[in-house]
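In case you want the letters, here they are:
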4 protein chains.
Amino acid sequence: MAMASSTKLLSLVRTITKHMIDDGGFGKLMDKVNITSAGQGWCSAEMIVLHEHQNSGGTLHGGLTATLVDNVSTLALMTTGSGVPGVSVDMHITYTKGAKVGEEVIIDAKTLRVGKRMAFLEVELKKKLSGELVAKGLHTKFVG
Amino acid sequence: MAMASSTKLLSLVRTITKHMIDDGGFGKLMDKVNITSAGQGWCSAEMIVLHEHQNSGGTLHGGLTATLVDNVSTLALMTTGSGVPGVSVDMHITYTKGAKVGEEVIIDAKTLRVGKRMAFLEVELKKKLSGELVAKGLHTKFVG
Amino acid sequence: MAMASSTKLLSLVRTITKHMIDDGGFGKLMDKVNITSAGQGWCSAEMIVLHEHQNSGGTLHGGLTATLVDNVSTLALMTTGSGVPGVSVDMHITYTKGAKVGEEVIIDAKTLRVGKRMAFLEVELKKKLSGELVAKGLHTKFVG
Amino acid sequence: MAMASSTKLLSLVRTITKHMIDDGGFGKLMDKVNITSAGQGWCSAEMIVLHEHQNSGGTLHGGLTATLVDNVSTLALMTTGSGVPGVSVDMHITYTKGAKVGEEVIIDAKTLRVGKRMAFLEVELKKKLSGELVAKGLHTKFVG
């Protein structure tokens, strides 16, 4: 596709996110996620860790981290003009540091490669204040 | 610890699950999950895929699959007498087949190995009716 | 394809392994691996951990473990009548216990699912004597 | 430890690499790998894909890719003053594009985080000429 402007892509990503929320499915938790910027192949978002997001240790639940990796990387993929969200084949998350309730995390997703069949996406979660890495995810989707 | 009976371990796992739900954190989605059996190092559960669990394609959301892998494997770990839920260091999910809204999935978690420092857990999600594999997860936790 | 006999599949797998070795590529290390049995979707092998296989700690090198996961799971895939070895998209290895030089390991690979596009394979490495799990691998290939 | 100079760390990494090769274990394949630079927490290397490195498709074998991820990330870890190579607990590789025999690949490893117990490392393999990503790896080690 022709290179879309960042403004158009941010608008696109926010529209898709709204659909995720309105659909009433598991994507509804995106209503606590603020999409801050997007461009060709990438997407950035922010979220404050709330009580409803915590695990038994009072930090961001690993399953929610995985869900954010899944959702935000799919948004990044949608900016490439793939036209489809694809289907997950593998997702790997490495958890480097806990994020406590009240801390704000940045979620940066980018497309490593998108081909005719497969898309490879990467996500970093960092603490907004300190920049410390919370988690790193790799997400592989079938898009053929 | 002395070998606990399956009845005691099932009771233990159900109590921990109730705490997850009552805590009001991300574990509250366990209120849709039915713990069916448990033993030394393993735990089995069932869940009907509901509209609230779906992705944009109408199947079980990959982030929820990851959350189930996380939670049910942690329950399996707790049956080993570790006494602690541990902290996730890595989680990998392979998605083999979609599960549609209305389908029931079985979640089988088992402990591959638990040492003084690390615990290695494995989870299979299968369709209850057909036995088809929906996803396979590996979860590594620090327990030291 | 019609269900092939285990004898035929074992013969097929051994022939492919011989090609791996004769090719002079990285598969040549399969000359230390003994294929013991094979069937529809699975393959088993054995290897004694030699000095040439060790890491600096005197145990089976994690890169060789990954290579065994790759190769033996590809052999398992070839028994399904896929006709092609496919191309790796993701491989995950969980290392549960070291295997020392002199110990014999069993490598069991099976096909979790093979579709038109993707194949999902799983491998367990165990110590032959004690049955202890050394590593578990998940391997996803594109076969379309 | 006090911040070591890049020259000292490059010298350290090359010495460790020489030990890997001289040991006669699986690390001996590092004799085809050229360590080009190193610093606090990271290490870069280069390798020309040779016939002896290929899979049946004539590209860099996925098991060798995994071995390079393992070895070069361990070198990166050793620059942090950890003093120990650690023990692998998880390794994940995403394969984005094949590298043909004759192509040169760059291997960039960096430390995401190293704590008292766990170290988290990341590796990128790229084609030197085109910059195309060949593979991305995440490697988690126990260092406690």
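Parameters and conventions
- For every chain, the first residue of the written sequence is number 1, and numbering continues from 1 onward in sequence order.
- Both sets of labels track the order of writing: A upward for chains, 1 upward for ligands.
- In keeping with the predicted nature of the model, local features appear solely for residues at pLDDT of at least 70, side-chain atom pairs appear and are counted solely at 80 or more, and the whole-chain, interface and lining totals rest on all residues.
- For the side-chain quantities, the full set of heavy atoms in the structure was used; hydrogens and water were omitted.
- Secondary structure elements follow DSSP: runs of H or I no shorter than four residues count as helices, runs of E no shorter than two count as strands, and numbering proceeds from the N terminus.
- For the radius of gyration, the atom set is restricted to C-alpha positions; the globular benchmark scales as 2.2 Å times the number of residues to the power 0.38.
- Burial here depends on accessible area, computed with a 1.4 Å probe over protein chains only, as a share of the maximum for the residue type. Under 20% is buried, over 50% is exposed, and the range in between is partly exposed.
- In this description, contact between two residues means that some pair of their heavy atoms is separated by no more than 4.5 Å.
- Per-residue and other accessible areas were derived by the Shrake-Rupley procedure at a 1.4 Å probe size, with only the shown protein chains allowed to occlude residues.
- His is not counted, nor are the chain ends, whereas Lys and Arg count as positive and Asp and Glu as negative.
- Every charge is mapped to an atom, namely NZ of Lys, CZ of Arg, CG of Asp or CD of Glu.
- Here the copies are superposed with least squares, the fitted atoms being C-alpha atoms of residues at a pLDDT of at least 70 in both.
- We define a salt bridge as a side-chain nitrogen of Lys or Arg found within 4 Å of a carboxyl oxygen belonging to Asp or Glu.
- Throughout, the accessible surface (probe 1.4 Å) given up by two parts as they are put together, summed over both, is called the buried area.
- Counting of polar contacts relies on pairs of N or O atoms within 3.5 Å, with two restrictions inside protein: one atom must be capable of donating a hydrogen and the other of accepting it, and residues adjacent in sequence are counted only when both atoms are side-chain atoms.

Draft legend 1. Geometry of the overall build of chain A. Looking only at helices and strands, chain A has two helices and six strands in total. Starting at the N terminus, the α and β elements of chain A follow one another as α-β-β-α-β-β-β-β. Relative to a compact globule of 144 residues, whose C-alpha radius of gyration would be 15 Å, chain A shows 14 Å and is just as compact. Considering only C-alpha atoms, chain A reaches an extent of 45 × 30 × 25 Å along its principal axes. Looking at the 144 residues of chain A, the share that counts as buried comes to 56%. Taking as baseline every contact in chain A between residues at least 6 positions apart, the subset at least 24 positions apart corresponds to 62%. Here chain A displays about 5,600 Å² of accessible surface, and carbon together with sulfur accounts for 56% of that area. Side-chain charges in chain A split into 16 positive and 13 negative, and the spacing between the mean points of these groups amounts to 6 Å.

Draft legend 2. Molecular detail of the relation of the copies chain B and chain D. Each copy of the sequence occupies a distinct position, and chain B is placed on chain D by a rotation of 180° and an axial shift of 0.0 Å, giving an RMSD of 0.0 Å. Each copy turns onto its partner about a two-fold axis. Within chain B, the C-alpha atom positioned nearest to the axis of rotation is that of B:D90, 3.5 Å from it. Interface overlap between copies is the fraction of interface residues in one copy that are interface residues in the other; for chain B against chain D it reaches 100%, indicating a shared surface.

Draft legend 3. Examining the pattern of salt bridges more closely. The full count for this structure, using the stated rule, is 44 salt bridges over all chains. Across the pair A:E52 and A:K32 runs a salt bridge, and its minimum N-O distance is 3.1 Å. Within this pair, whereas A:E52 is found in the loop between β2 (42–48) and α2 (62–78), its partner A:K32 is found in the loop between α1 (6–22) and β1 (34–39), the two being separated by 20 residues in sequence. Judged by relative accessible area, which is 34%, A:K32 ranks as partly exposed. Its salt-bridge partner being C:K136, residue B:E122 comes within 2.5 Å of it at the nearest N-O pair. Of this pair, B:E122 sits in strand β5 (residues 118–127) while C:K136 sits in strand β6 (residues 133–142), which puts the two residues in different chains. With respect to class, B:E122 is no different from C:K136; both count as buried. Here the salt bridges share partners, and the residues they tie into one network are A:K110, A:E122, A:E124, A:K126, A:K136, D:K110, D:E122, D:E124, D:K126 and D:K136.

Draft legend 4. Structural context of the interface of chain A and chain B. On the side of chain B, 30 residues touch chain A, which itself brings 30 residues to the contact. Of the roughly 2,200 Å² buried at the junction of chain A and chain B (both faces included), carbon and sulfur atoms supply 50%. At the surface where chain A touches chain B, the tally comes to zero salt bridges. If you look at where chain A meets chain B, you find 24 residue pairs in polar contact (both at pLDDT 80 or more). Those elements that place two or more of their residues in the side of chain A that touches chain B are α2 and β3 (87–95) of chain A. In terms of residue count, the dominant contributor to the side of chain A that touches chain B is β3(A) (eight residues).

Draft legend 5. How the structure looks around the interface of chain B and chain D. Opposite the eight residues of chain B that make contact, chain D presents eight residues. In total, chain B and chain D occlude about 690 Å² of area from one another, counting both sides; carbon and sulfur atoms represent 67% of this. Across the chain B-chain D interface, the total number found is zero salt bridges. Summed over the shared surface of chain B and chain D, the number is two residue pairs in polar contact (both at pLDDT 80 or more).

Everything listed here is a matter of coordinates, which is why it stays silent on function.
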